[in-house]
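What follows is the residue order along each chain.
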Amino acid sequence: MTDRGVDLSALPKEVRDQLAELDLELSEGDITQKGYEKKRTKLLAPYIIHTPVLPPQNDVQPPAPSSSSHAPPPASSSRYRERRTRRTHRSGGTRDDRYRSDIHTEAVQAALAKHKEEKMALPMPTKRRSTYVQSPIETRTPPDSSSGSEDETSARRQSSMAAPPPLVNPNLQSPDWMNRSAQGSSTSSSASSTMSHGEAKPQPQSKPQAQPQPQYKPQYQPLYQPHHQLHEQSRTAAVTDMLAQSRIAHTENSVPPPDVTAVAPPARGPRVDLPSKAVVRGMSRGQSRSSMMETADGRGNLQRVPVNSRVSTKIQQLLNTLKRPKRPPLSEFFTDDSEEIVQVPQPDPNTPRPEGRQIIPVKGEPLGVVSNWPPALQAALARWGATQGKSPALTALDITGKPLYTLTYGKLWSRSVKLAYTLLNKLGTKNEQILKPGDRVALVYPNSDPGMFWVAFYGCLLAEVIPVPIEVPLSRKDAGISQVGFLLGSCGVGLALTSEICLKGLPKTPTGEILQFKGWPRLKWVITDSKYLTKPSKDWQPHIPTANTDPAYIEYKASKEGTVVGVAVSKVAMLTHCQALTQACNYCEGETLVNVLDFKKDMGLWHGVLTAVMNRIHTISVPYAVMKACPLSWVQRVHVQKARVALVKCRDLHWAMMAHRDQREISLASLRMLIVADGANPWSVSSCDAFLNVFQSHGLKPEVICPCATSPEAMTVAIRRPGVPGAPLPARAILSMGGLSHSVIRVNTEDKNSALTVQDVGHVMPGALMCIVKPDGPPQLCKTDEIGEIIINSRAGGTMYYGLPGLTKNTFEVIPVNANGVPIGEIPFVRSGLLGFVGPGSLIFVVGKIEGLLMVSGRRHNADDLVATALAVEPVKTVYRGRIAVFSVTVFYDERVVIVAEQRPDASEEDSFQWMSRVLQAIDSIHQVGLYCLALVPANTLPKTPLGGIHISDTKQFYLEGNLHPCNILMCPHTCVTNLPKPRQKQPVGVGPASVMVGNLVAGKRIAQAAGRDLGLIEDQDLVRKHQYLTEALQWRAQTDPDHVLYVLLNAKGVTVGTATCVQLHKRAEKIAAALTEKGSINTGENVVLLYPPGIDLIAAFYGCLYAGCVPVNVRPPHSQNLAATLPTVRMIIDVSKAACILTTQNLMRILRSKEAAASVNIKTWPIIIDTDDLPRRRPPHIYKPPTAEMIAYLDFSVSTTGMLTGVKISHAAISALCRSIKLQCELYSSRQIAICLDPYCGLGFVLWCLASVYSGHQSILIPPFELESCLSLWLSTLSQYRIRDTFCSYSVMELCTKGLGTQTELLKGRGVNLSCVRSCVVIAEERPRLALTQSFSKLFKDLGLSSRAVSTAFGSRVNLAVCLQGTTGPDPCTVYVDMKSLRHDRVRLVERGAPQSLPLMESGKILPGVRVIIVNPETRGPLGDSHLGEIWVNSPHNASGYYTIYGEESLQADHFNTKLSFGDPHTLWARTGYLGFVKRTELLDASGDRHDALFVVGSLDETLELRGLRYHPTDIETSVSRAHRSIAESAVFTWTNLLVVVSELCGSEQDALDLVPLITNVVLEEHHLIVGVVVIVDPGVIPINSRGEKQRMHLRDSFLADQLDPIYVAYNM
């Protein structure tokens, strides 16, 4: 600062006024720090005296003159007055001066300056604009408990912060570590750092070498280029496909074949199949393994978005920040093969260790025996009431700080006696006594009414009932209200005393009764105003026994976890404590005491109510509300009443200091003791010093400041006795924060930034014995240079937690032990909950409280210290009234530090983010601890304690439940989670001697293989021999059974809208074949695209193509409402398949040629389009018969979940074999009926819709899935109406029914829907069975008669459309539980149900006849043993013949469709499904009586994420994420350059969006041991889903990287 050499008091008045004005502008945020310093320097320049700097003596400097920043301007400044009146509602609370502790500010500045060199560019979170709007500040100001313009704790810390260095006598001979108090060594709090830590706005990064810069080109390019050029363009495209009702299928192979791409803007419509890499299979496996998820595969395939797009820049920034080495450096990990173990950091050899001898208990002076001590406290009141009745006992102030009434000792006595009499005799009816001595009663009085409280308290003592003072409840939602109920319950309270006014203010029900508060026992309310009390008869006297060990009163105490317990204080302890305080503070009869503290508990009660009455002291009670309106009121009271003692907290010193210019004539010379109740807080030093600086000129003597240490359990632990004028002031300890974190006292020498200055709290209380013990584990005595918990043995302490004997034993009956664990005596001590040490001269120093202790990675940090550092980072622009909460949460085996602050309503996004990133750096530098989460919430939204402080345990609860609703959040798991297991190193792949096979065993285990039954030549062998082609089968059926109905098509109302008999289908096929040859002049072998909605036209067109000798290519039609997203995929399949013609309906033909279509694709280059709606009756000249069954029958195109478009060739032989296999498995014949509700465009869905009925002759009832959108119950009511035994559906259909009909089962039952007929309901899928969905479907519809055994799944892949299908015979599908940790290591470990980290897997149906599967190691290609995880390979007559590609890439063909094992059986040709799974032999028997081999599918290899050397399946992470918070509707994960990105759909309100960020980060860390890099919160329906209900994660990834998601919030975890 520029004013070091200026005596501000000597400046001309107008200069002082201008300075004051400037200070005010700064605190209001009207001027920047830089501008402030500039103007200020200019003002002071003429007055600076340049003095030579003297070297400090003995490290001690006199204080700098109080700078003007420590005080508001004089009252004469009229503009200042005006502004004050304008902002009375904000009181002194918003001034930033109280954050000033120049020393700590400098420390924080220095720490931040270090970081400045690194120029960190942290990516700022991305927010949708609407979420910037902060919720309005609720100004809920309760009647008289402050709305917390100042939170107790934060004010205490900040106020602490206004001190120039303390005065220390240089001649003081105290040891070195006590005496280093000098400029720059204390850590008090606040910074005005102007350092910018890197720009908040992302700058475009220099592009990494690996990425060829993709360019967006016009929609269509020559699509087929030489192979090597293809990747370049493919990346530019986010090719999309169609729609909800019409989805393309899915590619399961573990390889991305080459891309063929077109650009289309992504859709946010209904479900879409989107080939993001618009791809055709055909690329060597070697190239591709990692290019799917981990895009950095060395081929330069890094991103498919321009690098300068906003998101990628931010992610790049994030990556840059994460590449920096973390501190502290990680030590070596150790791991264990079988279990992932948390990394245990090796102990640091430089860790400071205590070296002193064992501490000796410290004894207080003996408690003096005075002849006239009363035998009980009530006796003292009786004495003064009788002999000194006119003497004033209590003066209460009104809201303006003027005396309201004075209660004399006579009045206090008579009213208390009246109350005692009423309580004991007048509450019930004549003969019953409601209260008996020893009963507990609640005292409910506001802070503004001390008189009523005094009467109630002493009335209870005289009636010998036990008062339990509590706060006035204001609403059902008060913070911690139910815990107060727990206190009342544990104390057995049934009666509450209150005043009439207070009772009127309590929340009522509409009928006028007092609300039943959550968790409270039923209470009877008694009003204690005088007019309602009965005067006792002349002969009635209260019974005043000598003080004994029965409880006198119960004081409430909230623990760290938020539970409220009652500390019982016995009558003798109460009396002894008053005696000890009288002796320690040297109270004299008739003194005046000003009390600013809460008179219901702690120091306010002990000094201001109990000890005061014992010594006939006149107490002036200053309520908290007065302090808010007139912060100087207590100082004025001291001045007016010439008070001898004042009882205050740091915040009161601070506020008085802020306001003192308003009052010139004030004298504090009468004070002999200024007791600082929270002087035990290390941050109180600066408040005391600053207050002394300001008020020394008003007669305040330095030696009267008396900090003390107290706790509800031990009561007063220590208090500084008033000093002798002129004697040296006590020394300060300057401790190293690093040492403190290891509980060791070390003088801070090396790094002055991380020092803590603490003042002593005087000596032990008279008559007490004190020890210091280790805070955790057995109460072992500490060494002299070790910090531990203070424990006290004294008659003047709490006796127990009322009604909680277990807790009591651990706190009130502690016997300290020595280093060998041997107890050092018999006497029990009480734990005080304070952490500290004994300094020279037996002075006690307190450095924190147990409840503020955060134990992180074996080191202890004090929440108050962290708050002080956060407050030192220039919070004025950002933090609302310094309201900051710090707590720790347990995540992944360690405590993690969380800071939550209230954000000012006018704070800008950039300011807030910058403040947050600076706090991170400051805390890292000064405390060497990483923050896990830093959240800003709107002003006034954190739960409050009765005095307006932040209710920490409720805040923590809100954070954990996801109810905080932050408006800004910064998570830093990468920096602070250093105990993750070591990344797995992959072993080199090689076929070793251990793999030698013996018969059918691998390494002693049965080979993991399984087979369906033999296809054999079955009963319809004639049919098979005669008609090996489906065309022949159809012709044969048309002749032999022409009127047999094969197909029935239903609409949304369940009405039949179309049927096809054998002969009708045959004739329609002939018409289409004729049209193809005549209109389309198509040659045999050419490809024809079928573009139809689900229905019978599609079936007819398929057979028409076969009759004409063409190859049909079935394509999902574009969605008329969403052409931009769905048409390009149609176009791509048409181009890739080189179709010569398109068969479609009139309606779709119009769409293909419409203007809307022209916007997405080039409509001029469509092939011939034939509309098949009204064809003439023609017959083709002949029906084509293929020369061999190996000829291609049709092409099956599908988009996989990884966005891969793949076409496979299906031969006539494969069709026949597959249909035969299905017929056998499901026992299909012509008298049977099945219902099909799935999309008929690819895979097994197409086979069941179009082929199976013609082959087996059964009747298929067709239900197009899109009809369910208008009538949800269509499918289920059809099953019931037609008494269907076998039905096939997709997951999408099952999910629709579960979500939409789950609550309507009674309604359906009423309509007569009965599903007891259903024998098998098979979900057709190409993924791991979704157990949760199938189980909830079974459970929900059990009431409609659905058998629990009916639901099962099928499994198919690109290379084989149907591997498994649960048939009618054979055992039920079985479920096993596997260990997820082993799964990540590619191992299967079976565990019991309910085991931690277990994952249930259901068998994917029975293997079809003629199918053999084997489990193979994908790297070595050798067979694996039973219950080992590997790739599923399949051999069957219905395998596909190969990929349909435009390059004849034989290598990939051979690799995927005709591959051999590397050892074992070298002759069989297998096809690779690209799915991981395992085979397990079960105890069940199959139809032939052998043990059944079950196949379990774990997931697609393409989809897996390789992170930290382990293999993760996205669905497992997504399941965890969806459980994290009720507002998460759906989620999807993908990786981007080794960062895990989680996208979650928010179904709640947008204010919940940021609550999800920490919960998602926590759950993924806990359950999967992964750190989430980016969390993206989006609207429902943003995650693209294909027709089979599978998430299209790759497409989502492309949209995210191209910045097309419109997210609500994007959080970049540091």
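Residues numbered from 1 in each chain as written. Predicted model: local features only at pLDDT ≥ 70, side-chain atom pairs only at ≥ 80, totals over all residues. Heavy atoms only, no water.

Section: the overall build of the protein chain
- What the protein chain contains, in helices and strands, is 43 helices and 62 strands.
- In the protein chain, buried positions account for 64% of the 1614 residues.
- A separation of at least 24 residues holds for 78% of the contacts in the protein chain among residues at least 6 apart in sequence.
- Element-wise, carbon and sulfur atoms account for 53% of the exposed surface of the protein chain, whose accessible area totals about 57900 Å². (Helix = DSSP H or I, 4+ residues; strand = E, 2+ residues; numbered from the N terminus. Buried < 20%, exposed > 50% of the residue type's maximum accessible area, 1.4 Å probe, protein only. Contact = heavy atoms within 4.5 Å. Areas by Shrake-Rupley, 256 points an atom, 1.4 Å probe, with all protein chains shown as cover.)

As for the packing of aromatic side chains
- Evaluation of the coordinates by the stated rule reveals 25 aromatic pairs.
- Taking 4.5 Å as the distance between ring centres and 35 degrees as the angle between the ring planes, the aromatic pair formed by Phe691 and Phe695 counts as tilted. A residue pair is termed a helical-turn pair when its members lie 3 or 4 positions apart in one helix, as Phe691 and Phe695 do in helix H19 (residues 684-695) at four residues. A single burial state applies to Phe691 and to Phe695, both of which are buried.
- Ring centres 5.7 Å apart and planes at 80 degrees place the aromatic pair Phe1102 and Tyr1194 in the edge-to-face group. Of this pair, Phe1102 sits in helix H29 (residues 1096-1108) while Tyr1194 sits in strand E41 (residues 1192-1199), placing them 92 residues apart in sequence. The same class applies to Phe1102 as to Tyr1194, namely buried.
- The residue whose ring lies beneath Arg616 is Trp384, and the NZ or CZ to ring-centre distance is 5.7 Å.
- Note that Arg1232 overlies the ring of Tyr1229, its terminal NZ or CZ placed 5.7 Å from the centroid. (Phe/Tyr/Trp six-rings, centres within 6.5 Å; stacked < 30°, edge-to-face > 60°. Lys NZ or Arg CZ within 6 Å of the ring centre and 35° of its normal.)

Let's talk about unusual backbone geometry
- Positive phi outside glycine occurs at Ser743, with the angle close to 60 degrees.
- Structurally, the position occupied by Ser743 is in the loop between helix H20 (737-741) and strand E18 (755-759).
- In this structure Ser743 comes out as buried when scored by relative accessible area, which is 6%.
- Although it is not a glycine, His1569 adopts a positive phi angle of roughly 55 degrees.
- Tracing the backbone through its elements, the reader meets His1569 in the loop between helix H42 (1556-1568) and strand E61 (1572-1578).
- His1569 gets classed as buried once you look at its relative accessible area, which sits at 5%.

Structural notes on the sheet that holds strand E27 (residues 879-891)
- An order of E27-E28-E29-E30 is seen for the four strands of this open sheet, with the pairing classed as mixed. Since the sheet does not close on itself, it has two edges, and those belong to E27 and strand E30 (968-971), each with one partner. When the angles between neighbouring strand axes are averaged without regard to direction, this sheet yields 15 degrees.
- As paired elements, strand E28 (residues 894-903) and strand E29 (residues 931-938) share seven bridges and run parallel to each other. (Pairing = 2+ DSSP bridges. Axes fitted to C-alpha atoms, helices over the stretch in contact; angles between N-to-C directions.)

Here's the deal with the confidence of the model for the protein chain
- Of all residues in the protein chain, 79% attain a pLDDT of 70 or more, and the chain-wide mean is 81.
- Note on residues 281-308: pLDDT under 50 across the span, and 124 contacts to partners over four residues away in sequence or across chains.
- The low-confidence segment residues 325-340 (pLDDT under 50) makes 29 contacts with residues lying over four places distant or belonging to another chain. (pLDDT = per-residue confidence, 0-100.)

A word on the packing of helix H28 (residues 1062-1078) against H29
- Relative orientation of the contacting elements H28 and H29 amounts to 60 degrees, with a least axis distance of 7 Å. The orientation of H28 with respect to H29, classified from their angle, is oblique. Seen along the crossing, H28 lies across H29 with a hand that is right-handed. Contact with H28, carried on its side by Leu1065, His1066, Arg1068, Ala1069, Glu1070, Ile1072, Ala1073 and Leu1076, involves Ile1096, Asp1097, Ile1099, Ala1100, Ala1101, Tyr1103, Gly1104, Cys1105, Tyr1107 and Ala1108 of H29 and no other residues of that element.
- Within the contact of H28 with H29, the residues separate by chemical class into 13 nonpolar, two polar and three charged. (Parallel < 35°, antiparallel > 145°, perpendicular 65-115°, else oblique. Left-handed = near helix turned anticlockwise from the far one by under 90°. Nonpolar A, V, L, I, M, F, W, Y, C, P; charged D, E, K, R; others polar.)

A closer look at the pattern of salt bridges
- Enumeration according to the criterion identifies 50 salt bridges in this entry.
- Across the pair Arg1481 and Asp1493 runs a salt bridge whose closest N-O atoms are separated by 2.9 Å. Pair noted here: Arg1481 is in strand E55 (residues 1471-1485) and Asp1493 is in strand E56 (residues 1491-1500), with a separation of 12 residues, a long-range link.
- Look at Arg1481 and you get partly exposed, because its relative accessible area is 30%.
- Judged by relative accessible area, which is 15%, Asp1493 ranks as buried. (Salt bridge = Lys/Arg side-chain N within 4 Å of Asp/Glu carboxyl O.)

As for the sheet that holds strand E21 (residues 788-793)
- Reading across from one edge, E2-E20-E21-E23-E24 is the order of the five strands in this open sheet, with antiparallel pairing throughout. The open sheet has two edge strands, strand E2 (362-363) and strand E24 (844-849), and neither has a second partner.
- Two strands pair when backbone bridges link them, and strand E20 (residues 769-773) and E21 are joined in this way by five bridges, in the antiparallel orientation. Pairing of Leu769 across the sheet is with Asn793, part of E21.

Digging into a positive patch on the surface
- Taken together, the side chains of Lys34, Lys38, Lys39 and Lys42 define a basic patch exposed on the protein surface.
- Examined against the element boundaries, Lys34 turns out to sit in helix H2 (residues 33-44). (Patch = residues over 30% accessible without salt bridge, like charges linked within 9 Å, V, L, I, M, F, W, Y side chains within 5 Å. Lys, Arg positive; Asp, Glu negative; His and termini not counted. Charge placed at Lys NZ, Arg CZ, Asp CG, Glu CD.)

Thoughts on the pairing of strand E43 (residues 1233-1237)
- Of all five residues that make up E43, four are buried, and the element is covered over most of its length.
- Here E43 pairs with strand E44 (residues 1259-1262) via four bridges, running parallel. Each residue of the ladder has a partner; that of Gln1233, found in E44, is Gln1259.
- When E43 meets strand E45 (residues 1286-1289), the two strands line up parallel, connected through four bridges. The partner of Ile1234 across the bridge, within E45, is Asp1286.

Thoughts on the nonpolar core
- Leu497, Tyr553, Leu610 and Ile675 are the most contacted members of the largest nonpolar core, which totals 104 residues.
- Top element by residues in this core is helix H11 (residues 450-463). It accounts for 11 residues.
- Aside from chain neighbours lying at most four places away, what touches Leu497 is Leu419, Leu423, Val441, Ala442, Leu443, Val444, Tyr445, Ala456, Cys460, Val526 and Thr528. (Core = buried A, V, L, I, M, F, W, Y, C linked by side-chain atoms within 4.5 Å.)

Remarks on the pairing of strand E15 (residues 705-711)
- When you tally the buried positions in E15, you get seven out of seven residues, the bulk of the element.
- The side-chain alternation of E15 yields two buried faces, one formed by Ile705, Pro707, Ala709 and Ser711 and the other by Cys706, Cys708 and Thr710.
- Both E15 and strand E16 (residues 715-719) contribute to a ladder of four bridges, which runs antiparallel. Bridge pairing in E16 places Cys708 opposite Ile719.
- Connecting the antiparallel pair E15 and E16 is a turn made up of three residues.

Thoughts on H19
- With 12 residues, H19 should cover 16 Å at 1.5 Å per step; its first-to-last C-alpha distance of 17 Å lies within 8% of that length.
- Counting buried positions along H19 gives 11 out of 12 residues, so the element sits mostly inside the fold.
- Where H19 is concerned, the buried positions are Ser684, Val685, Ser686, Ser687, Cys688, Asp689, Ala690, Phe691, Leu692, Val694 and Phe695. (Expected span 1.5 Å × (residues − 1).)

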